[in-house]
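Read off the chains here:
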Amino acid sequence: MDELLEQFLIEGRELVAQGGNDLAALAHDPQDAAAIDSAFRAFHTLKGSVALFAMQPAERLLHAAEDILERARKGANPLDGDAVTALLACLDQTDRWIDDMERQGALPGDAQGVSERIAALLTATPCEDTPAAPTPDDPADWIATLMVREASAIAQANAPLTAFRYTPDPACFFRGEDPLSVVEAVPDMVALAILPVDGAWPASKAIEAFSCFSILEGLSAASLDVVRAAFRLQPDQVQFAPIAPVEAVRQASESHGESRMLRVDSARLDAMADGLGDLIVAINSLTPLADTAQQQDRALALTIRSVQASIERAAGKLHRDLSAVRMVPLAPALRRLPRIARETADSLGKAVTLTITGETLEVDKQIADGLFEPLLHLLRNAIDHGLETPDQRRAVGKDRDGSISLSFQRSGDTVIATLSDDGAGIDPHRVRQTAIARGLITQEAAAALSDAAALRLILLPGFSTAATLTEVSGRGVGMDAVQAAVARLRGTVEIESIIGKGTRFSLHLPANALTTRLLVVEVGPERYGVSLDQVLETVRVDRAALMPVGGGLACVLRDRTIPLLDLAALLHLRGVEGPYAKLLITQSSGERVALRVDGFGERIDTVVRPATGVLASARGVIGSALLGDGSVLLVLDLPELAS
Amino acid sequence: MSVRIDGRTILLEGRCSVEDAETLLLALQEQPDASVSVEKVQKIHMAVLQILLALKPEIMGADASLFLSQNIFRSLIWNSDTGAKSF
Amino acid sequence: MPVTVLIVDDSKLARIVAGKALAELQPHWEKIEAGSAAQALELINHQSPDVALIDFNMAEKDGLELANELRVLLPDMPIAIITANIQDEIITRAREIGAAFVAKPVTPDTLEPFLSGAALRFRSKNT
């Protein structure tokens, strides 16, 4: 690739990201002068860069955007939310064009039209002498206003949209109607806005609690007929308008009629994943069948095994393909974090810079969906408890603004989310004292913990109590909520902290959540599954190498002494004594622990169903897996058993 | 009862039905600078929501319902961010 | 004085179902039942219900016809038509007499909006 283009791809995307951050700040405060300045520079530089290539439509669009920012910078025309939204649509489009340049070295044929459409949004934003209130009652006007307001949703859509404006009858509450429920029933909503019926919300004293004074305007990806059906009971209160997508044109010209994009309800993918899980269980049932056949007809057994292998390969490919479809970038799930960070810091009189890297990483949808909550909690916690106040920071020679970084990286089948702050760090001594004071651990046990293990005490339920939870990070839940949320995703939490320097939380999560690799282990007469994610290694050592230490056992592994627990004893079973000890090495509370088993069985790929009912309360059980022969394998949680 | 007052915070919880609109309105008229926590909201009636939109109290918490958090509360927070300054 | 709800449906089972949903939502409200439109009109002679839940699909006279007659006798009463299958023609007729719809089968969830609207009306009448 041309060196110039290569550099442009790198730099252009950085500028888009910078502009995006600035616009996010402007969405929070459209008058933020520093953000306007920075956004202006990003757009200006981008404009200069695209001018080096055959990207005239992009150049013109960026020029229009730059104009708006320039006027805002001079105070001639302050920005408003609509202008910020239109600028964002412009930036998003530039980002897509950069992708096009990378793929085919040129802009798609419709670029000119797209540029004009978005530029129209930019100029449509009421920058000139901002009128106080729009005139929502002009029938044609509501559509134009809506298109500007929802510009980014429209730009992202790749199919026609249906817009509606629903003006509920003021007395509708008395008939038992809830306009919000009505709108909730509209399928495939992509945007919703609730506006005051008179152009401005009534003042507190003028409000009548049971009179409806709202208008609901929205966009749905469903067809006009489908949207109309949702309003069947209110036909006289709704107006509709079809909205042609900006994107549909682009998609169609790109695809040459073949590989078209498809919007699929994620529930359908979930159903496919479930079906695939059942298929894998069914395939596993061939193993005992082959074993039975082996006793009568070796050739038949061999054929069954080879058939099984080819079905397994096909299912494996299906699994990979399906996993890939379910892969979504993390970025959308994180979009709210920067703003929440700013708000949280503001409310505490602190200042913070949050940098997010690696958010383009793709992970299973379930992981992306499940990650927001624990990250939000860690972030609030870092700002509230991690970062010092500006005065304290100055006193110890740190920057006034705290800095928090959130990064994502992939390592094999694992995604690692790391949140680090440059705050005061966590003092393991104080953690020990608090845990003792809360009755979570005895004085002796606390003293025996390494500092690394002591830090993990903050993850215990009951460690944070109402007294220590402030309004911000508290909300009635402690760090144990993070631990629980991550455990639900079959992940682990690691904590590192240096007093005075900061704290780093790492969440290790499986990138693919559909099936789990299990190792079957034998303990006495029973067989259990253990997740290979939790097994660092399996080793076989001479029984003579086990050493009694204190009241228990230990073994030496690569010059390190690690504690050894007997799984049979933990499960109240009678183990089998043999000449060798078979060990599973796992990690519990940051320490390596060996668990002794009687034998290793096969490795299987299967769907682990979460523990329910009685099992849910059983210590050390993650869930169960259905085996091919119809029997149920309990899946153990090694770290929990070893703790 | 889905509206609970805890000091300077008004907590909305569970299914906020139409009657809750009056309770919320009175509470916000009494304490105009109170915050409203929506963390435990499962469903909110239009009557209750429009009080929040009109009076723009500080909204705390991300609620449990996906529809509400994606379509309602996000824009609510957005509006109260910009609304307070441009009016 | 407790609120009285008139439930009209020619299926006893359906009346039980509606009654249960009612009891769950408004345990202090009382109910009276009628197995037909005729029986409902008969009841009105000596009892005055505050709310009516009427099944649309009844043998002799459909629910909307009954609602129409009740509307004349009790102009302010909240009326809901219970139906599994709402046709546009029914919607227009129901709108004309100011009746609401409750989807069949009646559950606390489907009944709740109508009842809370009715409750609201009694409340604002009292204050």
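Residue indices follow the written sequence of each chain, beginning from 1 at its first position. Lettering of chains starts at A and numbering of ligands starts at 1, both following the order in which they are written. The model is predicted, so local features are restricted to residues of pLDDT at least 70 and side-chain atom pairs to those at 80 or more, both for listing and for counting; the totals for chains, interfaces and linings are taken over all residues. The basis for every side-chain value is the complete set of heavy atoms in the structure, and neither hydrogens nor water enter the calculation.

A.B. asks: So what exactly am I meant to see when it comes to the overall build of chain B here?
C.D. replies: Counting secondary structure elements, chain B contains three helices and four strands. Helical segments are the DSSP runs of H or I of at least four residues, strand segments are the runs of E of at least two, and each set is numbered from the N terminus. For chain B, the succession of helices and strands along the chain, N to C, is β-β-α-β-α-β-α. Think of it in three bands: residues with accessible area under 20% of the maximum for their type are buried, residues over 50% are exposed, and the middle band is partly exposed, with areas taken using a 1.4 Å probe on protein chains only. For chain B, buried positions account for 60% of its 87 residues. Whether two residues are in contact is decided by their heavy atoms: any pair within 4.5 Å suffices. Long-range pairs, those at least 24 residues apart, make up 57% of the contacts in chain B with a sequence separation of at least 6. Working note: accessible area of chain B is about 3800 Å², and carbon and sulfur atoms make up 50% of it. Shrake-Rupley sampling with a 1.4 Å probe provides the accessible areas, and residues are treated as covered by the protein chains on show and by no other component.

A.B. asks: Would you take a moment to explain the overall build of chain C for this structure?
C.D. replies: On a plain count of helices and strands, chain C comes out with five helices and five strands. Across chain C, helices and strands are ordered from the amino to the carboxyl terminus as β-α-β-α-β-α-β-α-β-α. Going through the 127 residues of chain C one by one, you find that 49% of them count as buried. Excluding contacts between residues fewer than 6 apart, the proportion of contacts in chain C whose partners are at least 24 apart in sequence is 67%. About 6400 Å² of surface is accessible on chain C, with carbon and sulfur atoms providing 52% of the total.

A.B. asks: Help me understand helix α13 (residues 298–326) of chain A, please; the structure alone is not making it clear to me.
C.D. replies: For the α-helix, the turn length of 3.6 residues means that residues three or four positions removed from each other point alike. With 29 residues, α13(A) should cover 42 Å at 1.5 Å per step; its first-to-last C-alpha distance of 41 Å lies within 8% of that length. A distance of 3.1 Å separates the backbone nitrogen of Ala299(A) from a side-chain oxygen at the start of α13(A), and that oxygen is part of Asp297(A). Multiply 1.5 Å by the residue count of a helix minus one, and that product is the helix's expected span. Definition of a polar contact: a pair of N or O atoms within 3.5 Å, with one able to donate and the other able to accept a hydrogen when the atoms are protein atoms, and with sequence-neighbouring residues admitted only if both atoms are side-chain atoms.

A.B. asks: Would you take a moment to explain empty space enclosed by the protein for this structure?
C.D. replies: Any space left empty among the atoms is revealed by the rolling of a water-sized probe across them. The way it works is a 1 Å grid over only the protein atoms, where trapped points that fit a 1.4 Å probe form a cavity and open points with protein on both sides within 12 Å along at least five of seven lines form a pocket, and then any residue with an atom within 4 Å of a point lines it. Grid points are joined across faces, edges and corners, and a volume is the space filled by probe spheres set on the points. Under the counting rule described, the total for this entry stands at two cavities of 30 Å³ or more. Approximately 30 Å³ is the volume attributed to the second largest cavity. What lines the second largest cavity is simply Phe174(A), Arg175(A), Pro78(C), Ile79(C), Gly98(C), Ala100(C), Phe114(C) and Arg121(C). Each residue is assigned to one of three groups, with Ala, Val, Leu, Ile, Met, Phe, Trp, Tyr, Cys and Pro labelled nonpolar, Asp, Glu, Lys and Arg labelled charged, and all others, Gly among them, labelled polar. Taken together, the residues of the lining of the second largest cavity break down into five nonpolar, one polar and two charged.

A.B. asks: I would appreciate a short explanation of the sheet that holds strand β1 (residues 3–6) of chain B in the present structure.
C.D. replies: Sheets are built from strands paired through backbone hydrogen bonds, the pairs being either parallel or antiparallel. All names here are of chain B. In this analysis, strands are considered paired if DSSP registers two or more bridges between them. Strand order in the open sheet made by the four strands is β1-β2-β3-β4, with mixed pairing throughout. Unpaired on one side and paired on the other, β1 and β4 (58–60) mark the two borders of the sheet. Strand-to-strand twist across the sheet, computed as the mean angle between neighbouring axes with direction ignored, equals 25°. Summarising the sheet, strand β2 (residues 9–16) and strand β3 (residues 35–44) pair through seven bridges and their orientation is parallel. Within β3, the residue paired with Cys-16 across the bridge is Ile-44. Packing of helix α1 (residues 20–30) onto the sheet brings it into contact with β1, β2 and β3, and relative to β2 it is tilted by some 175°. Between N-to-C directions, angles span 0 to 180 degrees; the directions come from axes that are lines fitted to C-alpha atoms, helices contributing only their stretch in contact. Together, β2, β3 and β4 form the strand contacts of helix α2 (residues 46–55), whose direction differs from that of β3 by roughly 155°.

A.B. asks: Whenever I open this one, the state of the cysteines confuses me. Can you help?
C.D. replies: Cysteine pairs can be linked by a disulfide, which is a covalent bond between their two sulfur atoms. Here, the term disulfide refers to a pair of cysteine sulfur atoms separated by no more than 2.5 Å. All told, the structure shown has zero disulfides over all chains when counted by the stated rule. With no disulfide of its own, Cys172(A) has Cys212(A) as its nearest cysteine by sulfur position, at a separation of 4.5 Å.

A.B. asks: Explain the interface of chain C and chain B here, please?
C.D. replies: Of the residues lining the interface, five residues belong to chain C; the matching set on chain B comes to five residues. By definition, the buried area sums, over both parts, the 1.4 Å-probe accessible area that each loses when the two are put together. Note on chain C versus chain B: buried area summed over both sides is about 440 Å², and carbon and sulfur give 51% of it. The largest contributions to the chain C side of the interface with chain B come from Ser116(C), Leu120(C) and Arg123(C), which together make up 70% of the buried area. We count a salt bridge whenever a side-chain nitrogen from Lys or Arg sits within 4 Å of a carboxyl oxygen from Asp or Glu. The interface formed by chain C and chain B includes one salt bridge. In this structure, Asp109(C) engages Arg15(B) in a salt bridge whose closest nitrogen and oxygen atoms are separated by 3.9 Å. Across the contact surface, chain C and chain B share zero residue pairs in polar contact (both at pLDDT 80 or more). Grouping the amino acids of the side of chain C that touches chain B by side-chain chemistry returns one nonpolar, one polar and three charged.

A.B. asks: Just checking my understanding: could you explain the pattern of salt bridges for this structure?
C.D. replies: Opposite charge on two side chains makes pairing possible when the charged atoms of those side chains draw close. Residues and elements named next belong to chain A. Within this structure, the stated rule accounts for 31 salt bridges over all chains. The salt bridge involving Asp-321 is made with Lys-317; its shortest N-O contact spans 2.8 Å. With Asp-321 and Lys-317 both in helix α13, this residue pair falls four residues apart, about one helical turn. Residue classification places Lys-317 among the partly exposed positions, given a relative accessible area of 45%. The salt bridge involving Asp-422 is made with Arg-393; its shortest N-O contact spans 2.8 Å.

A.B. asks: What's the story with helix α15 (residues 337–347) of chain A in this structure? I'm lost.
C.D. replies: Listing the buried residues of α15(A) in full gives Leu337(A), Arg339(A), Ile340(A), Ala341(A), Thr344(A) and Ala345(A). Of the residues one or two after α15(A), Gly349(A) is the one with positive phi, at around 70°.

A.B. asks: Can you help me understand the environment of Ser48(C) in this one?
C.D. replies: Tracing the chain through its elements places Ser48(C) in the loop between α2 (37–44) and β3 (51–55). C-alpha of Ser48(C) to C-alpha of Leu74(C): the two residues are 26 residues apart in sequence and 8.7 Å apart in space.

A.B. asks: Teacher, can you tell me more about unusual backbone geometry here?
C.D. replies: Only a minority of non-glycine residues have a phi that is not negative, and only a minority of peptide bonds are not trans. For the bond from Lys104(C) to Pro105(C), the omega torsion is 0°, close enough to zero to count as cis. Mapped onto the elements of the fold, Pro105(C) is located in the loop between β5 (100–103) and α5 (108–126). Although it is not a glycine, Asp188(A) sits at a positive phi angle of roughly 50°. Relative to the assigned elements, Asp188(A) resides in the loop between α8 (179–184) and β2 (189–196). For Lys56(B), which is not glycine, the phi dihedral falls at a positive 45°.

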